[in-house]
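Understanding the architecture of this molecule
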Amino acid sequence: MIVAGVVIQTLSGAAGEVARSVDGTSGLEVQGDDGNQRVAALWRAVEGSTLETLSELLVASNERVLGVFPVYVGDIDV
Amino acid sequence: MSVTRRRFIEVSAAASALAALRGTAEGSASLAADGGESWVKGVCRYCGTGCGVYMGVRDGSVFAVKGDPDNHNAGFLCMKNFLLPQIMSAPDRLKHPLVRRNGELRRATWDEAMELVAKRFGEAIERRGPDAVGFYGSGQALTEETYVANKLFKAGIGTNNVEGNPRLCMASAVGGYVTSYGKDEPMGSYEDIDHADVFLLVGSNTAECHPILFQRIVRRKETHPETKVIVLDPRRTPTARIADLHIGFEPGTDLAILNAMAQVIVAEGMNDPSFVDEHVSFGQGKAADKSWADYEAFLADYTPQAAAEIAGCSAYDIVTAARWFGGRGKASMSMWTMGLNQRTKGVWVNNLVHNLHLITGKIGTPGSTPLSLTGQPNACGGVRDGGGLSHLLPYGRVIANQTHRAQMEKLWGVPAGTIQPKPGLATVDLFRALEAGDLECLYVMCTNPGQSLPSVGRYRKAMESQGSFVVVTEAYHPTRTTELADVVLPAALWAEKEGVYGCTERRYQLLEQAVEPLGEARPDFAILAELGRRLGYGELVPYESTAQVWEEILTVCAGTPYDFTGMSWEALKQSHGLLWPLPEPGHPGTKRRYVRGEDPLVPSDHPKRMKFYGRADDRAVVWLRPQQPPAEVPDAEYPYYLTTGRVIEHWNTGTMTRSCKELRAAVEAMAEIHPGDAHEIGVEAGDRVKIASRRGEETFRVKVTESSRPGLIFVHMHDADRIGNRITIDAVDPGSKQPEYKICAVRMEKA
Amino acid sequence: MTLPLLLLAVLFVLGAQETPGSKNADEPQAGHVEVEPSDDCASCHVEMTPEIHSAWFDSDHGVNNVKCFVCHGSAGSDFVKRPEPSRCLGCHGEQVESLDGAFMKGKDCFVCHEPHALSPHVASREGGEQ
């Protein structure tokens, strides 16, 4: 199980809206946003490549999302 | 309390993500218009390429420049442009007026300075008539500024002694266009570069002097590798790097080579008889009364072998160049600058380039055009088009033409007969009049003749002499000119004012004001307007803004071959440059002049493809111009050729670029010599040489390079401390009055 | 597998304030050796760092005379070994602005565009403009 802290980059001013719409979907748990263009979230996935694919899907499906950037990735399988 | 590993990782991940929300790439990459930053649209301050820019403004100053992706330069800039913010805050920016008292320039108020200027000008005019005063302006001034000066001096004061530094730079190109086509200015545009199959670069070090145009040629060659580049230059410059054929030759013999190319084109049947039949006449001297048969007979003297003998190059290369240029179905584009213009045969050699296009019909179609490259950002818009020379009036009108004078008198609201019927003095003559005492007062705007005039020593004395009263408006002090002046007025610089610049390809664009002028600096139009008021001509120059001047300019261009009445201030503001003619609002502008269907001034039902409406018979002229030598060639006493020019790092006399720290490495002007010559006089790289001509001498450090030609010395022009113009010759082209900076005879010895 | 990943991620976060994505981020900026003010960079670097010189000389920047000091400053106190992306701003405004976007977050131009050849992305070559 991979846990990643990610920043979701959005269009200017769209952070709040994106935060609300992605929270709870596909393993995403929103932690907060900067009120403008960045959303901080926790993302749990089975493995790293799942995260990659999910990121791409998110960018492709939500026109307000410009990109997903992981800032911290951890493996919680002990 | 224990924290599970899982919890630890989750908390860390969450915390990191949140922390990253606060971390922004401070300063550098954040370019949004937030946090008090704005980006103002403008134009580069330097060469005639006229690249569009956005100036980044923060806290009242320009902190960055980026290219305008929607302008012709597609977002690209050269290094000088990129470093422009540094010129604004240079330590030698002039903030206050200066007046010379007891031999020294001291700070004065604007009131004191302007009162003195008005008094001295007024007195000279009173005592000796209007021709006792003169104006020497610049291809770097805004169009509106040259317009105000032109109106004030020609229609107010009543003298035609209105000149500008484009006389030193573009006058022969003007003469070439006017004699070949009837009107000045190129008929093509930069977009032709994207369609050309063959480039003829002659007398141009495009790589260093018009880098963004060079880059466009490089891109064309990269995307279409079969494109051919021919470079004609005595030196093997960085431009030759992309040449498929470089022809080096004895300076001044390019007339023979160009005639020989024409000879080959005709001999091998690459000429276009039907184009010539429809659109071309032939001429010699001043009369267009020759025939094709005369031209063919004339060309007989210019076989490739004969030309190669004269020029010191290979006949085979001339044939190759001709075959490439003349190739059937190939679009051929020629470009040139000072190598052709700064010559006593400048107009003639310009004609010969036009001849190649006219006899092959390679003109007015995509990629086929003769495009003269302009040196300064507004030589075209302000001085050439605006008529800011001693024989011109605005927008294609000339002093010598009675109808034109009457038109301008009416437009300017002055009584008939106000404008003198005789042209004034061209630049070299103007400074000689100063020397002789016939001219008493000279107003110098935005240029540096104390460094840039040929044979400058003589004219420095003239400016310095007791009998001359010289006023200089400048952004910097000291320069080689302000140090000689009686009054120096602080002028607003580049981003500190707004107005229109017109560059090489007939593109007019608006420089928007980004910041307030430094100290007490004022924009030149305002300084001129105040002088006008003080001299009693306030009603001629009542302007509060350059926008107001522009409104008036639109009325003056209406109905002329330049007609850009559709270019309102607002239209310019919205656009990224517009190409004239543009006769009504909403018109897209003109990429190709003289071409039916593209030029709004050619009737859509015109029977032929092109109409050279600058001439009464609608025909362009192929002029029979023989090879003749430069004014001064090497001899036993002065055995080397001297030529002068730019390097990519610096622009003109360097007053602006020398303040940019990255450019300081190249700030010292050097003499570039061939290894053979270095060996002959016993010098190595870094040694000093003294170079002397009949007019003066100067010392330079030497750069030994294969790019130079044996017997030819190339000296950089941008250094106030090593002035090549002490040595250059002030002989001028009889038609254009442009000096021959590119060729004179010198001796050289180890210093 | 876990530890290196963790380390990398931590480096990303810690490195956010400096030139991110760079393994040189912790090196102090070295000054340039003293040279004559009028010496051409190429005159030494052709011999001292020939691969760098030819990588630049043969590239678009070399052909177009985008000389060393455009990116690195002069050899004086303004010399910088690894330029800030803002130095690319003059010509590549849109690309520099894209560093704000998520894809480029924490990286600079040179992570993908290797100095000194600085080749563009292959895809944009087709069609001519980039």
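Residues numbered from 1 in each chain as written. Chains lettered and ligands numbered in written order. Predicted model: local features only at pLDDT ≥ 70, side-chain atom pairs only at ≥ 80, totals over all residues.

1. Remarks on the overall build of chain B
Quick note on the threshold: Helix and strand definitions follow DSSP, with helices as H or I runs of at least four residues and strands as E runs of at least two, each counted in order from the N terminus. Atoms counted for the radius of gyration: C-alpha only. Globule rule: 2.2 Å times the number of residues to the power 0.38. As a rule, residues whose C-beta atom has 12 or fewer other C-beta atoms within 10 Å are exposed, those with 20 or more are buried, and those in between are partly exposed; C-beta atoms are placed from the backbone. We call two residues in contact whenever the C-beta atoms placed from their backbones are within 7 Å.
For chain B, the count of helices and strands is 24 helices and 29 strands. Relative to a compact globule of 751 residues, whose C-alpha radius of gyration would be 27 Å, chain B shows 27 Å and is just as compact. Within chain B, the fraction of its 751 residues that count as buried is 62%. Long-range contacts, defined as pairs at least 24 residues apart, comprise 71% of the intrachain contacts of chain B with a sequence gap of at least 6.

2. So, the domain arrangement of chain B
By convention, interface size is frequently given as the accessible area that disappears when the constituent parts associate. All names here are of chain B. Formally: All domain edges in this entry derive from an automatic or database-based domain assignment. Three classes are used: nonpolar for Ala, Val, Leu, Ile, Met, Phe, Trp, Tyr, Cys and Pro, charged for Asp, Glu, Lys and Arg, and polar for all others, with Gly counted as polar.
As far as domains go, chain B holds domain 1 (35-170 + 377-401 + 440-541), domain 2 (182-373 + 617-623) and domain 3 (640-750). Computed from C-alpha coordinates alone, the two centres of domain 1 and domain 2 are separated by 34 Å. In this complex, domain 1 contributes 16 residues to the contact, which on the side of domain 2 involves 15 residues. Its residues placed into classes, the side of domain 1 that touches domain 2 shows seven nonpolar, six polar and three charged.

3. Section: the sheet that holds strand 10 (residues 245-247) of chain B
All names here are of chain B. Here is the rule: DSSP-based pairing: two strands are paired if at least 2 bridges between them are found. What counts as an axis is a line fitted to C-alpha atoms, over the stretch in contact for a helix, and the angles between N-to-C directions run from 0 to 180 degrees.
Here five strands make up an open sheet; going across it, the order is 10-9-8-13-14 and the pairing parallel. Either end of the sheet is taken by a strand with one partner, and the two such strands are strand 10 and strand 14 (369-372). The sheet shows a mean angle of 15° between the axes of neighbouring strands, taken without regard to direction. Sheet topology note: the strand 13 (residues 332-336)/strand 14 ladder contains four bridges and is parallel. Among the inter-strand pairings, serine 334 is bridged to a residue of strand 14, identified as proline 370.

4. What to know about the interface of chain C and chain B
Every contact between the two is made by 31 residues of chain C and, on the other side, 38 residues of chain B. Contributions of two or more residues to the side of chain C that touches chain B are made by helix 5 (68-72) and helix 6 (93-97) of chain C. When grouped by side-chain class, the residues that make up the side of chain C that touches chain B number 13 nonpolar, 11 polar and seven charged.

5. Things to note about the environment of glycine 42 of chain B
Residues and elements named next belong to chain B. Its location among the elements puts glycine 42 in strand 1 (residues 37-43). Residues glycine 42 and methionine 55, 13 residues apart in the sequence, show an inter-C-alpha distance of 6.8 Å. Ignoring any residue separated from it by four or fewer positions in sequence, one finds glycine 42 in contact with Val53, Met55, Ala495, Leu511, Glu512 and Ala514.

6. Concerning the packing of helix 9 (residues 254-267) of chain B against helix 12 (residues 304-311) of chain B
All names here are of chain B. The condition is simple: Should an angle lie under 35 degrees it is considered roughly parallel, over 145 roughly antiparallel, and from 65 to 115 roughly perpendicular; all remaining angles are considered oblique. Note on convention: near helix rotated counterclockwise from far helix by under a right angle means a left-handed crossing. Clockwise means right-handed.
Two numbers describe how helix 9 lies on helix 12: the axes approach to 9 Å, and their chain directions differ by 170°. Judged by the inter-axis angle, helix 9 sits roughly antiparallel to helix 12. Regarding helix 9 and helix 12, the two cross each other, and that crossing is left-handed. Each of Ala256, Ile257, Asn259, Ala260 and Val264 in helix 9 lies in contact with helix 12, whose residues at this interface are Pro304, Ala307, Ile310 and Ala311. Split by residue class, the contact of helix 9 with helix 12 holds eight nonpolar, one polar and no charged.

7. Remarks on the environment of alanine 14 of chain B
Note on placement: alanine 14 of chain B falls in helix 1 (residues 5-22). A C-alpha to C-alpha distance of 72 Å links alanine 14 of chain B and alanine 751 of chain B, two positions 737 residues apart in sequence. Look past the residues within four positions of alanine 14 of chain B in its chain and what remains in contact with it is Gly5, Gln31 and Leu42 of chain A.

8. Details of unusual backbone geometry
With omega at 0°, the peptide bond leading from tryptophan 580 of chain B into proline 581 of chain B counts as cis. Among the structural elements, proline 581 of chain B can be located in the loop between strand 22 (578-579) and strand 23 (620-623). The amide bond that connects proline 115 of chain C to the next residue, histidine 116 of chain C, takes the cis arrangement and shows omega of -5°. Relative to the helices and strands, histidine 116 of chain C is located in the loop between helix 6 and helix 7 (122-125).

9. As for the environment of leucine 392 of chain B
All names here are of chain B. Tracing the backbone shows leucine 392 in strand 15 (residues 392-393). Given 26 C-beta atoms within 10 Å, leucine 392 falls into the buried group. For the pair formed by leucine 392 and histidine 404, sequence separation is 12 residues and the distance between their alpha carbons is 9.6 Å. Contacts of leucine 392, omitting those with residues within four sequence positions, involve Gly387, Val398 and Ile399.

10. As for the pairing of strand 3 (residues 61-67) of chain B
All names here are of chain B. Of all seven residues in strand 3, five are buried, a share of seventy percent or more. Here strand 2 (residues 52-58) runs beside strand 3; their pairing, made up of six bridges, is antiparallel. Counted as the bridge partner of glycine 56 is alanine 64 from strand 3. The hairpin formed by strand 2 and strand 3 contains two residues between the paired strands, and aspartate 59 there has a positive phi angle of roughly 55°.

11. Structural notes on the sheet that holds strand 4 (residues 65-75) of chain A
Residue and element names in this part refer to chain A. Read across the sheet, four strands follow the order 2-3-1-4 without closing on themselves; strand pairing throughout is antiparallel. In the strand order of this sheet, the two ends are held by strand 2 (28-33) and strand 4, each with one partner. The mean inter-strand angle of the sheet, taken between neighbouring strand axes irrespective of direction, is 25°. On the sheet, helix 1 (residues 15-22) packs against strand 1 (2-10), strand 2, strand 3 (38-45) and strand 4 and is oriented at approximately 155° with respect to strand 2.

12. Overview of helix 6 (residues 171-181) of chain B
Residues and elements named next belong to chain B. Counting buried residues in helix 6 gives 11 out of 11 residues, a clear majority hidden from the surface. All of the buried residues in helix 6 are Ala171, Ser172, Ala173, Val174, Gly175, Gly176, Tyr177, Val178, Thr179, Ser180 and Tyr181. Packed against the buried residues of helix 6 are helix 14 (338-341), helix 15 (346-360), strand 14, helix 16 (379-385) and strand 23. One or two steps after helix 6, the chain reaches glycine 182, where phi turns positive at roughly 95°.

13. Quick look at the nonpolar core
Quick note on the threshold: For the purposes of this analysis, a nonpolar core is taken to be any set of buried Ala, Val, Leu, Ile, Met, Phe, Trp, Tyr and Cys residues that are connected through C-beta atoms within 7 Å.
By size, the foremost hydrophobic cluster in this structure holds 227 residues, and its most contacted members are Val148, Phe199, Ile230, Ile257, Met261 and Ile318 of chain B. Not counting the four nearest positions on each side in its chain, isoleucine 257 of chain B is found in contact with Leu232, Ile247, Phe249, Ala307, Ala311 and Ile318 of chain B. Val22, Leu58, Leu66 and Val71 of chain A belong to the second largest nonpolar core, which has 34 residues in total.

14. With respect to the pairing of strand 11 (residues 280-284) of chain B
Residues and elements named next belong to chain B. Strand direction decides the pairing type here: strand 11 and strand 23, joined by four bridges, are parallel. Looking across to strand 23, one finds that serine 281 is bridged to valine 621. Where strand 11 lies against strand 12 (residues 287-290), two bridges are found, and the strand directions are antiparallel. Within strand 12, the residue paired with glutamine 284 across the bridge is alanine 287. Linking two consecutive strands that pair antiparallel, namely strand 11 and strand 12, is a turn of two residues; a positive phi of about 65° is found at glycine 285 within it.

15. A look at the packing of helix 18 (residues 427-436) of chain B against helix 20 (residues 456-464) of chain B
Residue and element names in this part refer to chain B. Helix 20 packs onto helix 18 with a crossing angle of 50° between their chain directions and a minimal axis gap of 8 Å. Between helix 18 and helix 20, the interaxial angle falls into the category oblique. Relative to helix 20, the crossing made by helix 18 is left-handed. Across from Phe431, Leu434 and Glu435 in helix 18, the residues of helix 20 making contact are Arg458, Tyr459, Ala462 and Met463.

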